[in-house]
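Read off the chains here:
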Amino acid sequence: MTASMESYYAQRACEYERIYAKPERQADLARLRHDLPRLFTEANVLEIACGTGYWTPLIAERAAAVLAVDAAEEVLEIARSKAPPHANVRFERADAYVLPDWKVRFDACFAGFWWSHVPLERLDAFLAQLHARLAPQARVVFLDNRYVEGSSTPLSRSDAEGNTYQLRRLDDGSTHEVLKNFPGPESMARRLGAHGSSFDWQALEYYWVATYRIARKSLARI
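Residues numbered from 1 in each chain as written. Predicted model: local features only at pLDDT ≥ 70, side-chain atom pairs only at ≥ 80, totals over all residues. Heavy atoms only, no water.

Participant: Mind showing me how you'd approach the side chain of Arg25 here?
Facilitator: Relative to the assigned elements, Arg25 resides in the loop between helix H1 (3–12) and helix H2 (26–35). Nearest to the buried, unbridged Arg25 among oppositely charged side chains is Glu24, at 4.2 Å. (Helix = DSSP H or I, 4+ residues; strand = E, 2+ residues; numbered from the N terminus. Buried < 20%, exposed > 50% of the residue type's maximum accessible area, 1.4 Å probe, protein only. Lys, Arg positive; Asp, Glu negative; His and termini not counted. Salt bridge = Lys/Arg side-chain N within 4 Å of Asp/Glu carboxyl O.)

Structure follows, in structure tokens:
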């Protein structure tokens, strides 16, 4: 994570979960809370960029174990401070771009609202090193936002690589430029098809869910 992004999420820690209170998104969120847990039944799950741990207990309902990681200690403190609903969850500080070489190889991975913050030019390298921490044929699930006019923060600019950005204001009055990409099913299928198989895309009104199985040996090079 870049220093500016890490600083932004550290400052935003106490505001982090307000996004889930938007009235127009409640039907989608209810469906996700119902549907996501079954994707991780009896799995040993690595959760990337867990933030304040909103999705972690849902995953843990069906999972055998969950290791939830984030680069920002401020959000991890909030995640750890919540009454633990499941004993099979562990939190650890880790940079999603430079993951530790754990002894265990996870057979499932979840990343909620992380994909949209990865620069397009870094996606293949991120996926390659992530897959090195997963078991052959592990299931990977990405959840993120669709751009919906009137509900999403407007885009402020794009760069030469095709990344798009938003300007976000925090309670302390500070304004931050945040990279936020909104991929479609075709670009996701092409990207993930280079790394795995069994790609599936589910589009809700405000969110999308992409799932796939990693290849036994990554086809892409860093």
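Participant: Can you help me understand the nonpolar core in this one?
Facilitator: In globular proteins that are soluble, nonpolar side chains generally tend to be buried together. The biggest cluster of nonpolar side chains holds 30 residues, and the ones touching the most others in it are Leu46, Ile48, Trp114, Leu130, Leu134 and Phe142. Within the residue set of this core, elements represented by two or more residues are strand E1 (44–48), strand E2 (65–70), strand E4 (106–112), helix H5 (123–131), strand E5 (134–145), helix H6 (185–193) and strand E10 (207–214). Within the second largest apolar cluster, 25 residues are counted, among which are Leu58, Ala60, Phe113 and Val209. (Core = buried A, V, L, I, M, F, W, Y, C linked by side-chain atoms within 4.5 Å.)

Participant: Just checking my understanding: could you explain the sheet that holds strand E8 (residues 175–179) for this structure?
Facilitator: Strand order in this open sheet of three strands is E6-E7-E8, and the pairing throughout is antiparallel. The outermost strands of the open sheet, each flanked by one partner alone, are strand E6 (155–158) and E8. Mean inter-strand twist for the sheet, computed between neighbouring axes without regard to direction, equals 30°. Examined bridge by bridge, E6 and strand E7 (residues 164–169) share three bridges and lie antiparallel to one another. The residue of E7 that forms the bridge with Leu155 is Gln166. (Pairing = 2+ DSSP bridges. Axes fitted to C-alpha atoms, helices over the stretch in contact; angles between N-to-C directions.)

Participant: What is the right way to read the confidence of the model for the protein from this model?
Facilitator: A low pLDDT score tells you not to read the predicted coordinates there in detail. Per-residue confidence for the protein gives a mean pLDDT of 91, with 91% of residues at or over 70. Here residues 218–222 is a poorly scored stretch, pLDDT under 50, and it has seven contacts once near neighbours within four places are set aside; other chains count. (pLDDT = per-residue confidence, 0-100. Contact = heavy atoms within 4.5 Å.)

Participant: I keep staring at H2 and nothing clicks. Help me out?
Facilitator: Note: α-helices contain 3.6 residues per turn, so residues at a spacing of three or four share the same orientation. Here H2 has its buried residues at Asp28, Leu29, Leu32 and Asp35. Projection of H2 onto a plane perpendicular to its axis shows the buried side chains occupying an angular sector of 135°, all on one side. Looking at H2, the residues exposed on the side facing more than 90 degrees away from the buried face are Ala27 and His34. Of the surrounding elements, those touching the buried residues of H2 are E5, strand E9 (196–203) and E10. (Arc of directions from axis to C-beta.)

Participant: Before we go on, may I ask you to explain the environment of Asn88 in this structure?
Facilitator: Relative to the helices and strands, Asn88 is located in the loop between helix H4 (73–81) and strand E3 (89–93). Judged by relative accessible area, Asn88 falls into the partly exposed class, the value being 21%. The spacing of Asn88 and Ala132 is 44 residues in sequence and 23 Å in space, taken between C-alpha atoms. In this view, Asn88 contacts Ala60, Ala63, Ala64, Ala65 and Val66; residues no more than four positions away in its chain are not counted.

Participant: What is the right way to look at the environment of Phe91 in this model?
Facilitator: Topologically, Phe91 is positioned in strand E3. The spatial distance from the C-alpha of Phe91 to the C-alpha of Ala68 is 4.8 Å, given a sequence separation of 23 residues. Not counting residues up to four positions away in its chain, the partners in contact with Phe91 are Cys50, Thr56, Ala68, Leu76, Ala79 and Arg80.

Participant: What is the right way to read the sheet that holds E1 from this model?
Facilitator: Each strand in a sheet pairs with another by means of backbone hydrogen bonds, the pair being arranged parallel or else antiparallel. Here we have seven strands laid out as an open sheet, ordered E3-E2-E1-E4-E5-E10-E9, and mixed in their pairing. The outermost strands of the open sheet, each flanked by one partner alone, are E3 and E9. Taking each pair of neighbouring strands and ignoring which way they run, the sheet shows an average axis angle of 15°. Here E1 pairs with E4 via four bridges, running parallel.

Participant: Any chance you could explain the pattern of salt bridges here in plain terms?
Facilitator: When charged atoms on two side chains of opposite charge get close, those side chains can pair. What the rule picks out here adds up to nine salt bridges. With a closest N to O distance of 2.7 Å, Arg18 and Asp171 form a salt bridge. Taken together, the residues Arg18 in the loop between H1 and H2 and Asp171 in the loop between E7 and E8 connect sequence positions 153 residues apart. Two residues, Asp35 and Arg31, come together in a salt bridge whose shortest N-O distance is 3.5 Å. You can see Asp35 and its partner Arg31 sitting in helix H2, four residues apart, about one turn around the helix. What makes Arg31 partly exposed here is its relative accessible area of 43%.

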